[in-house]
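# Structural description and commentary
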Amino acid sequence: MVNCEHLRYLEPARGPRPSRDLTFKFYEDGKLVIIDNDTGSTLYPRELTGGSYDFYVRQRMRLIRRDLEAKIRKYA
């Protein structure tokens, strides 16, 4: 069974662009699912802009760092 971390991001409205309510599912095996909670559709990382893209990048980096630290502890 693969572990999954659910994170929700509420992007504020900016100018003509409406706000977005997104759920990010980061799986332990590296898989990612991004769901637009307003429409129920899934998104790809390349479809993210502004704050939602920044959130995605920061969370991905955090998970990679955590994985590397765990491997260092295991094999050190």
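Please read these numbers as outputs of a predicted model, since none were measured by experiment.

### As for the nonpolar core
- Ranked by size, the top nonpolar core spans 12 residues in total: Leu7, Tyr9, Leu22, Phe24, Phe26, Leu32, Ile34, Leu43, Leu48, Phe55, Tyr56 and Leu63.
- Elements represented by at least two residues in this core include exactly strand 1 (4–11), strand 2 (20–27), strand 3 (32–36) and helix 1 (50–75).

### Brief notes about the packing of aromatic side chains
- Summed over the entire model, instances satisfying the criterion amount to four aromatic pairs.
- Ring centres of Tyr9 and Phe55 lie 4.9 Å apart, and the angle between their planes is 25°; on these two criteria the pair is classed as stacked. Taken as a pair, Tyr9 in strand 1 and Phe55 in helix 1 lie far apart in primary sequence, 46 residues in all.
- Relative to Phe55, the ring of Phe24 has its centre 5.1 Å away and its plane inclined at 55°; by these criteria the two rings are tilted. Separated by 31 residues along the polypeptide, Phe24 in strand 2 and Phe55 in helix 1 bring together distant segments of the chain.
- One aromatic cluster is present, formed by Tyr9, Phe24, Phe26 and Phe55 through successive ring pairs.
- In this arrangement the basic side chain of Lys31 is found over the ring face of Tyr27, its NZ or CZ atom lying 5.3 Å from the centre.
- Lying over the aromatic face of Tyr44, Arg46 brings its terminal NZ or CZ to 4.7 Å of the ring centre.

### Looking at the pattern of salt bridges
- Applying the stated criterion across every chain yields a total of five salt bridges.
- Note that Arg66 is salt-bridged to Glu5, the shortest N-O span being 2.9 Å. Of this pair, Arg66 sits in helix 1 while Glu5 sits in strand 1, placing them 61 residues apart in sequence.
- Judged by relative accessible area, which is 42%, Arg66 ranks as partly exposed.
- Put simply, Arg58 and Asp54 hold a salt bridge, and the shortest N to O gap is 2.9 Å. Taken together, the residues span about one helical turn, with Arg58 and Asp54 both in helix 1 at a distance of four residues.
- On the basis of relative accessible area, Asp54 is assigned to the partly exposed category, the value being 37%.
- The network of salt bridges with shared partners includes Glu5, Arg62 and Arg66.

Calculation rules
Residues numbered from 1 in each chain as written. Predicted model: local features only at pLDDT ≥ 70, side-chain atom pairs only at ≥ 80, totals over all residues. Heavy atoms only, no water. Core = buried A, V, L, I, M, F, W, Y, C linked by side-chain atoms within 4.5 Å. Buried < 20%, exposed > 50% of the residue type's maximum accessible area, 1.4 Å probe, protein only. Helix = DSSP H or I, 4+ residues; strand = E, 2+ residues; numbered from the N terminus. Phe/Tyr/Trp six-rings, centres within 6.5 Å; stacked < 30°, edge-to-face > 60°. Lys NZ or Arg CZ within 6 Å of the ring centre and 35° of its normal. Salt bridge = Lys/Arg side-chain N within 4 Å of Asp/Glu carboxyl O.

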